[in-house]
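# A structural walkthrough
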Amino acid sequence: MLHYFGTDGFRGEAGKTLTASQAFRIGRFLGHYYQKGGNRVRVVVGKDTRRSSYMLEYALASGLCASGADVYRLHVISTPCVCHATQEGDFDCGVMISASHNPFFDNGIKIINARGEKMEDEVLAKIEEYLDRDGDDLPLVTGSEIGSVFDYSEGRRHYVEHLLSLAKHSFAGLHIGLDCANGSAWMIAPRVFEALGAKVSVINAEPDG
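Notes on the structure follow. (Residues numbered from 1 in each chain as written. Predicted model: local features only at pLDDT ≥ 70, side-chain atom pairs only at ≥ 80, totals over all residues. Heavy atoms only, no water.)

## As for the environment of glycine 68
Stated precisely, the cut-off is as follows: Secondary structure elements follow DSSP: runs of H or I of four or more residues count as helices, runs of E of two or more count as strands, with numbering from the N terminus. Relative accessibility under 20% of the residue-type maximum defines a buried residue, over 50% an exposed one, and the middle range a partly exposed one, all with a 1.4 Å probe and only protein chains included. Only heavy atoms matter for contacts: two residues are in contact if any of them lie within 4.5 Å across the pair.
Counting through the fold element by element, glycine 68 comes out in the loop between helix H2 (51–66) and strand S4 (69–76). Accessibility expressed as a relative area gives 5% for glycine 68, which makes it buried. Along the primary structure glycine 68 and proline 139 are separated by 71 residues, whereas in three dimensions their C-alpha atoms are 9.7 Å apart. Excluding residues that lie within four positions of it along the chain, glycine 68 makes contacts with Gln35, Arg40, Val41, Val141, Glu145 and Gly147.

Printed below as a string of structure tokens:
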């Protein structure tokens, strides 16, 4: 039975229940686990607007690179965007750093499989077993095998295009009030409604961590 990963990822108070060290080790495991046939492992990562999301993102990326994986950063974006980007971009897996509706001092790590769906429990169980081990027995890569980190703005753009393609009618003539709750869709939500022709009045789109 899983004890870190619940129904929607590994959640807890950032820096206490969910630490940068654990994020690093999750990255280490994923980068090693997906090594196959000499091909570079590719992982796409998104985050929400919590202050601790940056800490966890950088720690996770460090672990991935230390195990030889390349990291593609979507930056602040919603969980569905990470799911879409993982599948559409043919990534080995995706990671969303978010605790959704939990208080701001919490955070979480959601791991997404190559199909853009929640990671299988058997893989999560292996991650937990590694997190509970004393020491780090996974090999560290060196030289040109060390992973790189890339900005993946293309993934955000493709997701917005995907959302627009789902609309069956123009929103012209509509005036929409949009409360972004200072959350992960604060940038793209107004763009989508405006692109569909609506007049948009936005509140709570100034995330402060």
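That shown, we press on.
## Notes on the sheet that holds S4
Under the convention used in this document: Should DSSP find at least two bridges between two strands, the strands are taken to pair. Whenever a helix is involved, its axis is fitted only over the stretch in contact; in every case the axis is a line through C-alpha atoms, and angles between N-to-C directions fall within 0 to 180 degrees.
Across the sheet, 7 strands lie side by side as S1-S2-S6-S5-S3-S4-S7; this open sheet has mixed pairing. The open sheet is flanked by strand S1 (5–6) and strand S7 (149–151), the only strands paired with a single partner. With 4 bridges joining them, strand S5 (residues 93–97) and strand S6 (residues 106–112) adopt antiparallel strand pairing. Looking at the pairing, isoleucine 97 lines up with isoleucine 109 of S6. Across the sheet, helix H3 (residues 79–88) touches strand S3 (41–47), S4, S5 and S6, and the angle it forms with S5 is around 170°. Helix H5 (residues 153–166) rests against S4 and S7 of the sheet, and its axis sits at about 50° to S4.

## Regarding the packing of H5 against helix H6 (residues 188–195)
Our working definition: Any angle that falls under 35 degrees is termed roughly parallel, while one over 145 is termed roughly antiparallel, one within 65 to 115 roughly perpendicular, and all others oblique. Helix crossings get a hand from a simple test, with the near helix turned counterclockwise from the far one by less than a right angle marking a left-handed crossing and a clockwise turn marking a right-handed one. Only Asp, Glu, Lys and Arg are considered charged in this grouping, and only Ala, Val, Leu, Ile, Met, Phe, Trp, Tyr, Cys and Pro are considered nonpolar; every other residue, Gly among them, is considered polar.
The contact between H5 and H6 brings their axes to 10 Å, and the two run at 40°. With respect to H6, the axis of H5 lies oblique. Every pair of crossing elements has a handedness; the one defined by H5 and H6 is right-handed. On the side of H5, the interface is formed by Tyr159, Val160, Leu163 and Leu164, while H6 contributes Ile188, Arg191, Val192 and Ala195. Here the contact of H5 with H6 is built from residues that sort into 7 nonpolar, no polar and 1 charged.

## Details of the nonpolar core
The tendency in soluble globular proteins is for nonpolar side chains to be buried side by side. For the record, the criterion: Grouping buried Ala, Val, Leu, Ile, Met, Phe, Trp, Tyr and Cys residues that are joined through side-chain atoms within 4.5 Å yields what is termed a nonpolar core.
Core analysis: the biggest nonpolar cluster contains 31 residues, and Ile26, Leu30, Val95, Ile111 and Ile127 have the highest contact counts within it. Of all elements in the fold, only helix H1 (20–33), S3, H2, S4, S5, S6 and helix H4 (121–131) reach the threshold of two or more residues within this core. With 6 residues, H2 is the largest single contributor of residues to this core. Beyond its immediate sequence surroundings of up to four residues, isoleucine 111 is in contact with Phe5, Ile26, Leu30, Gly94, Glu117, Lys118, Met119, Leu124 and Ile127.

## Overview of H1
Since one α-helical turn is 3.6 residues long, residues separated by three or four positions face the same way. For clarity, the cut-off: One less than the number of residues in a helix, times 1.5 Å, gives the span that helix is expected to have.
With 14 residues, H1 should cover 20 Å at 1.5 Å per step; its first-to-last C-alpha distance of 20 Å lies within 8% of that length. Taken residue by residue, H1 has Gln22, Ala23, Arg25, Ile26, Gly27, Arg28, Phe29, Leu30 and Gly31 as its buried positions.

## What to know about the side chain of threonine 86
Within the secondary structure, threonine 86 sits in helix H3. Assessed through its relative accessible area of 0%, threonine 86 is described here as buried. Each residue touching threonine 86, except ones within four places of it in the same chain, is listed here: Val44, Phe91, Cys93, Gly94, Ile112, Asn113 and Ala114.

## Focus: the environment of isoleucine 127
Locating isoleucine 127 in the fold gives a position in helix H4. Once the C-alpha coordinates of isoleucine 127 and glutamate 117 are considered, the two residues, 10 residues apart in sequence, prove to be 17 Å apart. Not counting residues up to four positions away in its chain, the partners in contact with isoleucine 127 are Phe5, Ile26, Phe29, Leu30 and Ile111.

## Concerning the pairing of S5
For S5, the tally of buried residues reaches 5 of 5 residues, placing the bulk of the element in the interior. Alternating residues of S5 divide into Cys93, Val95 and Ile97 and Gly94 and Met96, and every residue in both groups is buried. Here 5 bridges tie S3 to S5, and the two strands are oriented parallel to one another. For glycine 46, the partnering residue across the bridge sits in S5 and is methionine 96.

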